[in-house]
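Here is what each chain is made of, one letter per residue.
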Protein chains: 2
Amino acid sequence: MEGEPPVHVLRLGHRPGRDQRMSSHVGLTARALGADRVIYAGDAAGPVETVADITDRFGGPFEIETTDSHRALLSDFGGQVVHLTMYGLPIEDCDDEIRSIHRNEPLLVVVGAEKVPFDVYETADYNVAVTGQPHSEVASLAVFLDHLFAGRELDREWQNAKRKVVPKAHGKRVEDTDDGS
Amino acid sequence: MEGEPPVHVLRLGHRPGRDQRMSSHVGLTARALGADRVIYAGDAAGPVETVADITDRFGGPFEIETTDSHRALLSDFGGQVVHLTMYGLPIEDCDDEIRSIHRNEPLLVVVGAEKVPFDVYETADYNVAVTGQPHSEVASLAVFLDHLFAGRELDREWQNAKRKVVPKAHGKRVEDTDDGS
């Protein structure tokens, strides 16, 4: 978020077709919950388009990239690498420490699809579990970001939005804004 | 969770094939993050099987049901209905109130797929937005449950688990337990 060291989200193991919607949801969740950029490893044209379209309509800043080599990205990253995995250390035991590190350093948050290569577990500075139960990389990412930003991300301001939702107790209200020019 | 009024999660609008994995992740997230039951509206044989299999291996209690009539379920529910939608009121403005209500009343948390029928917005006691941005029903459910249970769900105890993950800083460790007989 603005004024803070950047938070990047790396989505590993995207398989075109099969992972299309999950990978789109990873990118949209990263954007909505305070990350600055999503990076897809591999051929993720569909998710890239979906997230770019939402950013165009609902605002940014938010960056979307792809990479052919997640290994180079992980080993060269100038900050701390946090891999979200059910096999890692409980989030409730390490979120304070990671929050404190993030005051001064960028984070790269890694989420996989079904199988994550073993070197990711070794390279990561932190392997973090949002429970040790099998559930969803989207759910893990959401809880992790909400803990990291301690709720500040929930009312983030958006720039260059063409559309804006106006909260309602019942029903839907969306406004066109003048900010999208 | 044990000793508290139950929390049910209703997954609306499941379309076989297209929503298979998202609906599975809704159920797995509900289970992992403290809900007591997932109810799928419609023909959700795939997700039902996935969530039942994980519950069998990693423990419960957790119930999985399907319904043909979400309308009857919503109108007859003996507790508060919370619909998660980007058009609703900000979670940060209503989570205290819902947490307080849940001390005495069951909750039915409703998450949709792409299009949610308008009557759901009308019937719900609360329409709650985890940001007013388009992202993911799985992410919204995760953040909502984590706020509702205030992190207590993260180290929930499991019964009748055949397998248990042992947290590790690097690598993977899974133990067979004696509890699964």
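Above this text sits the structure in question.
No experiment lies behind these values; they were computed from the predicted model shown.

Asks: Describe in detail the overall build of chain A, supporting the description with residues and values.
Replies: For chain A, the helix and strand inventory stands at six helices and eight strands. When the helices and strands of chain A are placed in sequence order, the string is β-α-β-α-β-α-β-α-β-α-β-α-β-β. Each of the three principal axes of chain A carries a C-alpha extent, and together these read 50 × 35 × 30 Å. Across the 181 residues of chain A, 46% fall into the buried class. For chain A, long-range pairs separated by at least 24 residues make up 78% of all intrachain contacts whose partners lie at least 6 apart in sequence.

Asks: Run through the packing of helix H4 (residues 91–101) of chain B against helix H6 (residues 137–149) of chain B, naming residues and quoting values.
Replies: All names here are of chain B. Where H4 meets H6, the axes come as close as 9 Å, and the angle between the chain directions of the two elements is 45 degrees. By the criterion of interaxial angle, the relationship of H4 to H6 is oblique. Helix-helix and strand crossings are classified by hand; for H4 and H6 the assignment is right-handed. Here Ile91, Asp95, Ile98 and Arg99 of H4 come into contact with H6, specifically with Val143, Phe144, His147 and Leu148. Residue classes in the contact of H4 with H6 are distributed as five nonpolar, one polar and two charged.

Asks: Describe the interface of chain B and chain A, and please don't skip the residues or the numbers.
Replies: By a widely used convention, the size of an interface equals the accessible area lost when the partners come together. Contacts between the two partners involve 42 residues from chain B and, on the opposite side, 42 residues from chain A. For the side of chain B that touches chain A, the elements supplying multiple residues, two or more each, are helix H1 (20–32), helix H2 (45–58), strand E4 (80–90), H4, helix H5 (118–123), strand E6 (126–129) and H6 of chain B. When residues in the side of chain B that touches chain A are grouped by element, the largest group, six residues, is from H1(B).

Asks: Report on the relation of the copies chain B and chain A, specifying residues and quantitative values.
Replies: Superposing chain B onto chain A takes a rotation of 180 degrees combined with a translation of 0.0 Å along the rotation axis, leaving an RMSD of 0.0 Å. Taken together, the rotation and translation relating the two chain copies correspond to the operation of a two-fold axis. Proximity to the rotation axis, assessed at the C-alpha, singles out Ala139(B) in chain B; its C-alpha lies 2.4 Å from the axis. With an isologous cut-off of 70% or more, the 100% of interface residues of chain B that recur at the interface of chain A puts this contact in the isologous class.

Asks: Can you lay out the sheet that holds strand E2 (residues 37–41) of chain B for me, pointing to particular residues and giving the numbers?
Replies: Residue and element names in this part refer to chain B. The strand order across the open sheet built from six strands is E3-E2-E1-E5-E4-E6, with neighbouring strands paired in parallel fashion. Each end of this open sheet is capped by a strand with a single partner; those strands are strand E3 (63–67) and E6. For this sheet the average axis-to-axis angle between neighbouring strands, irrespective of direction, equals 30 degrees. Where strand E1 (residues 7–11) lies against strand E5 (residues 107–111), five bridges are found, and the strand directions are parallel. By the bridge assignment for E5, Val9 is matched with Val109.

Asks: Quick one: what's the story with the pairing of strand E1 (residues 7–11) of chain A, residue by residue and with numbers?
Replies: All names here are of chain A. Among the five residues that make up E1, five are buried, leaving the element largely enclosed by the rest of the structure. In E1, alternate side chains face the same way, and those of Val7, Val9 and Arg11 on one face and His8 and Leu10 on the other are all buried. Read as a crossover between parallel neighbours, the route from E1 over helix H1 (residues 20–32) to strand E2 (residues 37–41) is right-handed.

Asks: Please provide a residue-by-residue account of the packing of H1(A) against helix H6 (residues 137–148) of chain A, values included.
Replies: Helix packing geometry: the angle between the two helix axes and the distance between the axes. All names here are of chain A. Running from N to C, H1 and H6 point in directions that differ by 5 degrees, and their axes come no closer than 9 Å. As the angle between them shows, H1 and H6 are arranged roughly parallel. Across the interface between the two elements, Met22, His25, Val26, Thr29 and Ala30 from H1 touch Glu137, Val138, Leu141 and Ala142 from H6. Of the residues contributing to the contact of H1 with H6, the split by class is six nonpolar, two polar and one charged.

Cut-off values and rules
Residues numbered from 1 in each chain as written. Chains lettered and ligands numbered in written order. Predicted model: local features only at pLDDT ≥ 70, side-chain atom pairs only at ≥ 80, totals over all residues. Helix = DSSP H or I, 4+ residues; strand = E, 2+ residues; numbered from the N terminus. Buried ≥ 20, exposed ≤ 12 C-beta atoms within 10 Å, placed from the backbone. Contact = placed C-beta atoms within 7 Å. Axes fitted to C-alpha atoms, helices over the stretch in contact; angles between N-to-C directions. Parallel < 35°, antiparallel > 145°, perpendicular 65-115°, else oblique. Left-handed = near helix turned anticlockwise from the far one by under 90°. Nonpolar A, V, L, I, M, F, W, Y, C, P; charged D, E, K, R; others polar. Least-squares fit on C-alpha atoms with pLDDT ≥ 70 in both. Pairing = 2+ DSSP bridges. Right-handed = clockwise from strand over helix to strand, strands pointing away.

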